Amino acid sequence: NAMFSWQRTAFHFQPERNWMNDPNGPMFYKGWYHLFYQYNPDSAVWGNITWGHAVSIDLIHWLYLPLAMVPDRWFDANGVWTGSSTILPDGQIVILYTGSTNESVQVQNLAYPANLSDPLLLHWVKYSGNPVLTAPPGIGSTDFRDPTTAWIGPDGLWRITLGSKVNKTGISIVYTTANFIDYELLEGVLHAVPGTGMWECVDFYPVSINGSKGLETSANGPGVKHVLKASLDDKKMDYYAIGTYFVENNTWIPDDPKIDVGIGLKYDYGRYYASKTFYDQNKERRILLGWINETDTETDDLEKGWSSLQTIPRVVLFDNATGTNLLQWPVEEIEDLRLNTTEFSDVLVEAGTVVPLDIGTATQLDILVDFEIQVLETECVNGNGSVGCGDGATDRSTLGPFGILVLADETLSELTPVYFRVSNSTDGDVTTYFCADETRSSKAPEVYKTVYGGQVPVLDGETYSARVLVDHSIVESFAQGGRTVIASRIYPTEAIYGAARLFLFNNATGVNVKATLKIWELNSAFIHPFPLDQI
Ligand code: DQQ
C-alpha cells in the first residue's frame, strides 16, 4: 500500500508482507546466518503462527526463504510458537519449539533439518514422537513455553530452561536430556522472582568478565558470569540480570537482588520484546535480536499489509567498566552501509536553543554524538524538580534535557528528541537518564506515543555519548557505548523522505552544551526473496 510506503524501513529486517513477532532459532551455519521468526502468512495481525525463515551472510542483507515450519500436526495445530536451536558438537542441529496443540495446550516439540548438507536448511522434520515435553504437575498447560538453546553440564547432559509462572511468581525451570527426546525435570527452579508474572522467551547465557569476545552457550568457570533474561508477559518488556550460575545445584543467583530479573535492568527501554541471543562461532560474538512491535492500530496494520520489525542485531558484552550491566552495540557489518559522512566539532548549543545540522537527507542515518556540559555561572546547580526523563523533552531542568531531534521537519511540527537528562539531588548524587520522547513524533491519529527512558551510568571523565540509528520510522539509540538502549517505533507524516531534518537541542536551564558529531548517511540493505529458482 503506497499510502504507508514511507513507513517501510530501509535496513531493518521485516517481512515483505503480513505479521511478524518473536525472533526464533537464530544460528550461523555453513556460511549463512539463519533467522526464523513468528509469522502469520495470511494477515498483518497475530494468528496462524508459522516459522518464517530468512538467511544472511552479514546480518544486514537478508534473503527470504520458504516457511520453515507450519502448524500442520496436532501438537502444533494452533501455532508453531517460539523456540531455539542448538548446534551439537557432532554437527547435528536440533530445534526445540513450543507447539500450541489442537486443544491450545502448550507442549515442547523437537525438529531437525532434513538435510544437514543444505546450507540453507530449507526443510525441517518434526520428530514423529512429539511432543517431547508436556507441562509438569503444578505448571499450567498454558504457562509452559519458549525453550532456550541447550547447554551441556559437567555430567555430560544437556540442559534447557523455559519460562512459566506459579501464581504471580515468574520462574524458569530446567530439564536435562541426553538425546533431546527424553527429559528429566531438575528439582527446584533456576530462578524465581515474585510479582513478575509469566516469563516468556527466557534466555540464559554466559558472558566473559574480562573480554571482548562472546562465549559459547555451554561455557562456564572462572571469569564467567551468566545473564538471565525474561520477557514479562504482564509488562511486555525484556528484563535481564547478571549473576552466577551454580550448575551443581541448578540455581542462578543475581549479583544484586535489588536489580533482579523483572525488577531491574531492561535490555531496551523502548518498544522491544521477545528477544533472543545466539553465539556466532563465525566471529566469536554473542548476538542479540529483538522484536519491535507496531504502535499504530490493527486497522492501520491491516491497511498497510504488514506489521513489525526486528532490531539491528546487537553484540552483547559484559560492561567491565561498571560491572553492573551489559553493553549492546550494533553489529559491525552495519558500518558497510555507511555512505557520505559529515562531521561537526564543538557545536555550541546554548541553554534553551535548537541548532539545525545541515546534512541533507536525514531518514537513514548512523549518528555518533558526544556532549560536554558547561555549567552557567548564574545557576545554582542543585535540586532540579522532576527526575527521570521528566515529562518529555520540554520539561526543563538545570542539567537537561539536551540531545538531538531526529525525524524532525523544518518547522519542528514533528520531531523525536533523543536526550540526556541529568538529575542532581540535594545530597549531591548525580543520576543520568537517557530518553526518547515520542509525544510529538507524529500527527497521525491513534498512534501510541510516550516518553521512554532509563538510567545510564556515566563514569568520571566520560562525556555524554550516544549512537543513534535512524531508519524512516525506527530510531535505535545507544547511550554510553550501549549501557542503555531505546528502540522507538514512530510514524512521522511530515518528517518523511527529503523533508526529514536533524537538529541539536538543549533545554537545560543551567548549562550550555558543546556537541561533537560524526554522521553517516546509510545505504539501504538488500532484503528480498532468495532466488531459489536460480540454484
Ligand atoms: N510469542 C510466541 C510465544 C511467546 C510469545 C507466540 C512472546 O511462544 O511466549 O507467538 O511474544
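In this text, all values refer to a predicted model and were calculated from it rather than measured experimentally. (Residues numbered from 1 in each chain as written. Predicted model: local features only at pLDDT ≥ 70, side-chain atom pairs only at ≥ 80, totals over all residues.)

1. Brief notes about the overall build of the chain
Here is the rule: Helix and strand definitions here come from DSSP, where helices need a minimum of 4 consecutive H or I residues and strands a minimum of 2 consecutive E residues; each element is numbered from the N-terminal end. Throughout, radius of gyration means the C-alpha value; the globule benchmark is 2.2 Å times the number of residues raised to the power 0.38. Burial in this document is a count-based property: other C-beta atoms within 10 Å of a residue's C-beta are tallied, and the residue is buried at 20 or more, exposed at 12 or fewer, or partly exposed in between, with C-beta positions derived from the backbone.
In terms of helices and strands, the chain carries one helix and 38 strands. The globule rule puts the C-alpha radius of gyration for 535 residues at 24 Å, and the 23 Å found for the chain is close to it. Within the span of the chain, comprising 535 residues, buried residues form 51% of the whole.

2. A short note on the domain arrangement of the chain
Put simply, the rule reads: Where each domain starts and ends follows an automatic or database-derived domain assignment. When residues are sorted by character, Ala, Val, Leu, Ile, Met, Phe, Trp, Tyr, Cys and Pro go into the nonpolar class, Asp, Glu, Lys and Arg into the charged class, and all the rest, Gly among them, into the polar class.
If you check the domain split of the chain, you get domain 1 (17–330) and domain 2 (338–522). Counted by class, the side of domain 1 that touches domain 2 contains ten nonpolar, eight polar and six charged residues.

3. Some remarks on the pairing of strand S29 (residues 399–408)
Put simply, the rule is: Should DSSP find at least two bridges between two strands, the strands are regarded as paired.
For S29, the tally of buried residues reaches ten of ten residues, placing the bulk of the element in the interior. The pairing of S29 with strand S30 (residues 416–424) spans six bridges and is antiparallel. Paired with Leu-405 across the bridge in S30 is Pro-417.

4. Things to note about the site of the ligand
Let me state the cut-off plainly: Only the C-beta atom, placed from the backbone, is used; a residue is near a molecule or strand if that atom lies within 6 Å of it.
As a matter of local geometry, the ligand sits amid 14 residues, with Gln-38, Trp-81, Thr-82, Glu-200 and Ala-274 nearest to it. Those elements giving two or more residues to the shell around the ligand turn out to be strand S1 (18–29), strand S5 (80–87), strand S15 (199–208) and strand S20 (273–280). Of the residues contributing to the shell around the ligand, the split by class is five nonpolar, five polar and four charged.

5. Overview of the environment of Thr-244
Put simply, the rule reads: Residues are scored as being in contact if the C-beta atoms we place from backbone atoms lie within 7 Å.
Residue placement: Thr-244 occurs in strand S17 (residues 237–246). Taking the number of C-beta atoms within 10 Å as the measure of exposure, Thr-244 has 13 and is therefore partly exposed. For the pair Thr-244 and Leu-121, spaced 123 residues apart in sequence, the C-alpha separation works out to 35 Å. If we ignore the near neighbours within four places in the chain, the residues touching Thr-244 are Lys-225, His-226, Trp-252 and Ile-253.

6. What about the nonpolar core?
Short version of the rule: Here, a nonpolar core denotes buried Ala, Val, Leu, Ile, Met, Phe, Trp, Tyr and Cys residues that are linked to one another through C-beta atoms within 7 Å.
Ranked by size, the top nonpolar core spans 148 residues in total, and within it Tyr-240, Ile-404, Val-406, Val-468 and Val-475 carry the most contacts. Per-element tally for this core: the top contributor is S29, with seven residues. Per-domain counts for this core show at least three residues from each of domain 1 (17–330) and domain 2 (338–522). Filtering out sequence-adjacent residues up to four positions away, Ile-404 remains in contact with Ile-367, Val-369, Val-418, Val-468, Leu-502, Phe-503 and Leu-504.

7. Quick word on the sheet that holds strand S27 (residues 353–357)
Rule in force here: Structural elements are reduced to axes, namely lines fitted to C-alpha atoms, with helices fitted over the stretch in contact, and the angle between N-to-C directions of any two is expressed from 0 to 180 degrees.
Pairing is antiparallel across the open sheet formed by six strands, whose spatial order is S27-S36-S29-S30-S31-S32. Edge positions in the open sheet fall to S27 and strand S32 (451–455), since each of these has one partner strand only. On average, adjacent strands in this sheet sit at an angle of 20 degrees to one another, irrespective of strand direction. Where S30 lies against strand S31 (residues 430–437), seven bridges are found, and the strand directions are antiparallel. Bridge assignment links Val-422 to a residue of S31, and that residue is Thr-432.

8. Notes on the pairing of strand S4 (residues 62–69)
Where strand S3 (residues 50–56) lies against S4, four bridges are found, and the strand directions are antiparallel. Considered in S4, the bridge of Ala-54 is made with Tyr-64. Taken together, S3 and the strand that follows it, S4, pair antiparallel across an intervening segment of five residues, in which Leu-59 is found at a positive phi of about 70 degrees.

9. What to know about the sheet that holds strand S22 (residues 306–307)
With mixed pairing, the six strands of this open sheet are ordered in space as S22-S1-S2-S3-S4-S38. Sheet topology places S22 and strand S38 (527–529) at the edges, where each strand pairs with a single neighbour.

10. Examining unusual backbone geometry
With omega at 0 degrees, the peptide bond leading from Asn-130 into Pro-131 counts as cis. By secondary structure assignment, the location of Pro-131 is in the loop between strand S8 (124–126) and strand S9 (133–134). In this structure, Pro-401 follows Gly-400 across a cis peptide bond, with omega equal to 10 degrees. Despite not being glycine, Leu-121 shows a phi value in the positive range, around 45 degrees. Summarising the element assignment, Leu-121 is placed in the loop between strand S7 (106–113) and S8. In the Ramachandran plot, Phe-180 falls in the positive-phi region, its phi being about 70 degrees despite a non-glycine side chain.

11. Points about the environment of Trp-158
Structurally, the position occupied by Trp-158 is in strand S11 (residues 158–166). Given 20 C-beta atoms within 10 Å, Trp-158 falls into the buried group. Those residues in contact with Trp-158, other than ones at most four positions away along the chain, are Ala-150, Ile-152, Thr-176 and Thr-177.

12. What to know about the confidence of the model for the chain
If pLDDT is low for a region, its predicted coordinates should not be looked at in detail. Inclusion rule: Along the chain, pLDDT gives the predictor's confidence residue by residue, from 0 to 100.
Residue-level pLDDT values for the chain average 96, and 98% of them are 70 or greater. Listed scores for the predicted complex are pTM 0.97 and ipTM 0.99.

13. Quick word on the environment of Arg-8
Counting through the fold element by element, Arg-8 comes out in the segment before S1. Residue classification places Arg-8 among the partly exposed residues on the basis of 17 C-beta atoms within 10 Å. Sequence spacing of Arg-8 and Arg-501 is 493 residues, and the spatial spacing of their C-alpha atoms is 18 Å.

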